[in-house]
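Residues per chain, in single letters:
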Amino acid sequence: QYAFKLLSNDRILVGFENKFTIVDLKAVLKNQLQNTFEITKVLINGEVFPTANQLVLQKDQNNISIYFSTFSYLEKSKIFYKYRINEEEWIDLGNQSELMFNYLPPGTYHIQVKATDHLGNEQSKKLSFSILKKPSFTQSTLFYILMGLFSIILIISLFKY
């Protein structure tokens with residue numbers, strides 16, 4: 001005969017013919033994601049870019065793809081990802097281990113990515129990186145200062161004329 005009994009501390013006593021074993025549910029359901037969460041590849045406008053914790057993009061670098069991996073033995077369908085930008089709400093990526101941004105406006109973006117497994121266990125390590133998208137010259141502070149000076153010079157010239 002076979003039997004089982006729930007013990008304290010999330011353990012189960014399982015009995016077989018002439019023997020028994022104790023199964024620790026926490027160990028069985030232990031997170032298989034082992035803090036090996038890394039960026040594997042960065043593509044900017046379709047070209048490979050060195051991976052770094054901060055990406056500095058020029059005005060014409062618009063299409064960004066960031067690939068990451070947990071380097072886990074779990075099936076890809078059992079790992080789920082979420083990301084957030086600038087500490088806002090988490091956005092679900094499902095099983096997709098890639099972030100894509102098209103035509104990102106100028107600014108600084110702090111991005112975090114987290115992974116969970118099919119049992120709801122969250123990996124303790126999160127990916128954190130920043131993207132600094134530089135504005136075009138016509139959107140820069142220097143441009144506005146020069147336009148202001150030009151306007152002042154133009155107005156003074158008109159009054160003197």
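It should be noted that the structure appears before, not after, this text.
Residues numbered from 1 in each chain as written. Predicted model: local features only at pLDDT ≥ 70, side-chain atom pairs only at ≥ 80, totals over all residues. Heavy atoms only, no water.

Draft legend 1. Local environment of unusual backbone geometry. One non-glycine residue, Asn-45, lies in the positive phi region at around 55°. As for its position among the elements, Asn-45 is in the loop between strand E4 (38-44) and strand E5 (47-49). In the Ramachandran plot, Asn-86 falls in the positive-phi region, its phi being about 55° despite a non-glycine side chain. Assignment of secondary structure puts Asn-86 in the loop between strand E8 (79-85) and strand E9 (91-94). Look at Asn-86 and you get partly exposed, because its relative accessible area is 32%. (Helix = DSSP H or I, 4+ residues; strand = E, 2+ residues; numbered from the N terminus. Buried < 20%, exposed > 50% of the residue type's maximum accessible area, 1.4 Å probe, protein only.)

Draft legend 2. Looking closely at the environment of Asn-9. Along the polypeptide, Asn-9 turns up in the loop between strand E1 (3-7) and strand E2 (11-16). The spatial distance from the C-alpha of Asn-9 to the C-alpha of Leu-25 is 8.8 Å, given a sequence separation of 16 residues.

Draft legend 3. Geometry of the sheet that holds E9. Across the sheet, which stays open at both edges, the five strands sit in the order E6-E12-E11-E8-E9 with mixed pairing between neighbours. Whereas interior strands pair on both sides, the edge strands pair on one side only; in this sheet they are strand E6 (54-57) and E9. Taken over all neighbouring pairs, the strand axes of this sheet differ in orientation by 25° on average, direction set aside. Pairing of E8 with E9 involves three bridges; the strand directions are antiparallel. When the bridges of E9 are listed, Tyr-83 appears paired with Ile-91. (Pairing = 2+ DSSP bridges. Axes fitted to C-alpha atoms, helices over the stretch in contact; angles between N-to-C directions.)

Draft legend 4. Up close: the environment of Thr-138. If you trace the backbone, Thr-138 turns up in the loop between strand E12 (127-133) and helix H2 (141-160). The contact partners of Thr-138, leaving out residues within four places of it in the chain, are Phe-143 and Tyr-144. (Contact = heavy atoms within 4.5 Å.)

Draft legend 5. Representation of the pattern of salt bridges. The full count for this structure, using the stated rule, is four salt bridges. Across the pair Glu-122 and Lys-114 runs a salt bridge, and its minimum N-O distance is 3.6 Å. A residue is classified by how much of its surface remains accessible, and Lys-114, at 13% relative accessible area, is buried. You can call Glu-122 partly exposed: its relative accessible area is 35%. It is possible to trace a salt-bridge network through shared partners that takes in Lys-114, Glu-122 and Lys-126. (Salt bridge = Lys/Arg side-chain N within 4 Å of Asp/Glu carboxyl O.)

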